[in-house]
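Chain by chain, the residues:
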Amino acid sequence: MNRFLFLLFILFAAPVFAQEVDSAFNSQNMDTQTASIKKTDNMELLTDEMLNAPLPYVHTNYDYTSTKAMPIVLQITEKISTRDKTLYEGKKLYFNIVDAPHFINRRQKIEGRINMITSSGMNGVPYTIIVNDFNIPEIPKEKLKGEYQKSGLNMTWFVLPLKWALTPIPPTGSLTNFILGGHAKITPKDRITLWYYPEWK
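Residues numbered from 1 in each chain as written. Predicted model: local features only at pLDDT ≥ 70, side-chain atom pairs only at ≥ 80, totals over all residues. Heavy atoms only, no water.

Participant: Any chance you could break down the overall build of the protein for me, citing the residues and the numbers?
Facilitator: Scanning the protein from terminus to terminus reveals three helices and nine strands. Secondary structure of the protein in N-to-C order comes out as α-α-β-β-β-β-β-β-β-α-β-β. Relative to its full complement of 201 residues, the protein shows a buried share of 26%. Taking contacts inside the protein between residues at least 6 apart in sequence as the whole, the part at least 24 apart equals 64%. Surface exposure of the protein reaches about 15000 Å², of which carbon and sulfur atoms provide 59%. (Helix = DSSP H or I, 4+ residues; strand = E, 2+ residues; numbered from the N terminus. Buried < 20%, exposed > 50% of the residue type's maximum accessible area, 1.4 Å probe, protein only. Contact = heavy atoms within 4.5 Å. Areas by Shrake-Rupley, 256 points an atom, 1.4 Å probe, with all protein chains shown as cover.)

Structure representation (structure tokens):
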């Protein structure tokens, strides 16, 4: 009986106590901010002129309605892999042109950058490399679309059923958390397709 009454007390008293603590914290925080404001000399206050100042120029005269596109197929010049500890986000990569419109010089090297590298995770989640920011001199960047994402061996299809099967036998189900996914790599055999939209503005 005493335990039941104690639980009822906790259920009803906890929200009230939390609200009082939150109010006290907010009040103290406001006092601290007010004190810091009072200590500041020559503080600049926002005026109507500042609030109504023009925003920085933003290019809004664009038109992406056209669906006419031309493929540009690339291949990386040298293999990269997440096994390489010197690989980093922002690294510049170079690509050969496999196929492209006639006005693009196919002998040139195309630049791209590693946008993101995600490491492997528990339960078989693999490494992933995302490459974008491709630079083709003959094409404005606003008319070029595409990025390339490559992941390693995904083990989740094997790990998750195994976890569910082992869960009734604790703690064996949790041991599958330590199974990691595979490393990601991009090789010259991979084909990377970008899209050139000539009518985009």
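After that view of the structure, there is still more to cover.
Participant: Break down the nonpolar core for me, with residues and values.
Facilitator: Ranked by size, the top nonpolar core spans 25 residues in total, and within it Ile-72, Leu-74 and Phe-95 carry the most contacts. Not counting residues up to four positions away in its chain, the partners in contact with Leu-74 are Phe-95, Asn-96, Ile-97, Val-98, Ile-110, Phe-134, Asp-190, Arg-191, Ile-192 and Leu-194. (Core = buried A, V, L, I, M, F, W, Y, C linked by side-chain atoms within 4.5 Å.)

Participant: Residue-level account of the sheet that holds strand E9 (residues 192–196), with values.
Facilitator: Taken in spatial order, the seven strands line up as E6-E9-E1-E3-E4-E5-E7 in an open sheet, and their pairing is antiparallel. With partners counted over all chains shown, the strands left at the sheet margins are strand E6 (144–145) and strand E7 (148–151), one partner each. (Pairing = 2+ DSSP bridges.)

Participant: Give a detailed account of the pairing of strand E4 (residues 110–118), specifying residues and quantitative values.
Facilitator: With four bridges joining them, strand E3 (residues 92–99) and E4 adopt antiparallel strand pairing. Bridging across to E4, Phe-95 finds its partner in Ile-110. The sheet contact formed by E4 and strand E5 (residues 128–135) spans six bridges and is antiparallel. Among the inter-strand pairings, Thr-118 is bridged to a residue of E5, identified as Thr-128.

Participant: Describe unusual backbone geometry, with residues and values.
Facilitator: Notably, Asn-123 is not glycine yet its phi reads approximately 60°, a positive angle. Within the fold, Asn-123 resides in the loop between E4 and E5. Given the relative accessible area of 17%, Asn-123 is considered buried. Phi is positive for Asp-133, which is not a glycine, with a value near 55°.

Participant: Account for the packing of aromatic side chains, naming residues and giving values.
Facilitator: Summed over all chains, the structure comprises three aromatic pairs. Between Phe-103 and Tyr-196, the ring centres sit 5.6 Å apart and the planes meet at 65°, which makes this aromatic pair edge-to-face. On the criterion of sequence distance, the pair formed by Phe-103 in the loop between E3 and E4 and Tyr-196 in strand E9 is long-range, its members being 93 residues apart. With a relative accessible area of 11%, Tyr-196 lands in the buried category. (Phe/Tyr/Trp six-rings, centres within 6.5 Å; stacked < 30°, edge-to-face > 60°.)

Participant: How would you sum up a positive patch on the surface? Please name residues and give values.
Facilitator: Together, Lys-79, Arg-83, Lys-85, Lys-185 and Lys-189 give the surface a local cluster of positive charge. Within the secondary structure, Lys-79 sits in the loop between strand E1 (70–76) and strand E2 (80–81). (Patch = residues over 30% accessible without salt bridge, like charges linked within 9 Å, V, L, I, M, F, W, Y side chains within 5 Å. Salt bridge = Lys/Arg side-chain N within 4 Å of Asp/Glu carboxyl O. Lys, Arg positive; Asp, Glu negative; His and termini not counted. Charge placed at Lys NZ, Arg CZ, Asp CG, Glu CD.)

Participant: Give a description of the environment of Met-70 that names residues and reports values.
Facilitator: Position of Met-70 relative to the elements: it lies in strand E1. Overall, the relative accessible area of 28% leaves Met-70 in the partly exposed class. Through-space distance from the C-alpha of Met-70 to that of Pro-101 is 7.1 Å; in sequence the pair is 31 residues apart. If near-sequence neighbours (up to four positions away) are discounted, Met-70 is found in contact with Pro-101, Leu-194, Trp-195, Tyr-196 and Pro-198.

Participant: Outline the pattern of salt bridges, supporting the account with residue identities and numerical values.
Facilitator: Scanning the entire structure with this criterion turns up five salt bridges. Lys-141 is paired through a salt bridge with Asp-133; the nearest N and O atoms lie 2.7 Å apart. Across the pair Asp-190 and Lys-150 runs a salt bridge, and its minimum N-O distance is 3.1 Å. Here the residue Asp-190 occupies a position in the loop between strand E8 (185–186) and E9, and Lys-150 occupies one in strand E7, the gap between them amounting to 40 residues. Residue Asp-190 is classed as buried on the basis of its relative accessible area of 15%. Through salt bridges with shared partners, one network takes in Arg-113, Asp-133 and Lys-141.

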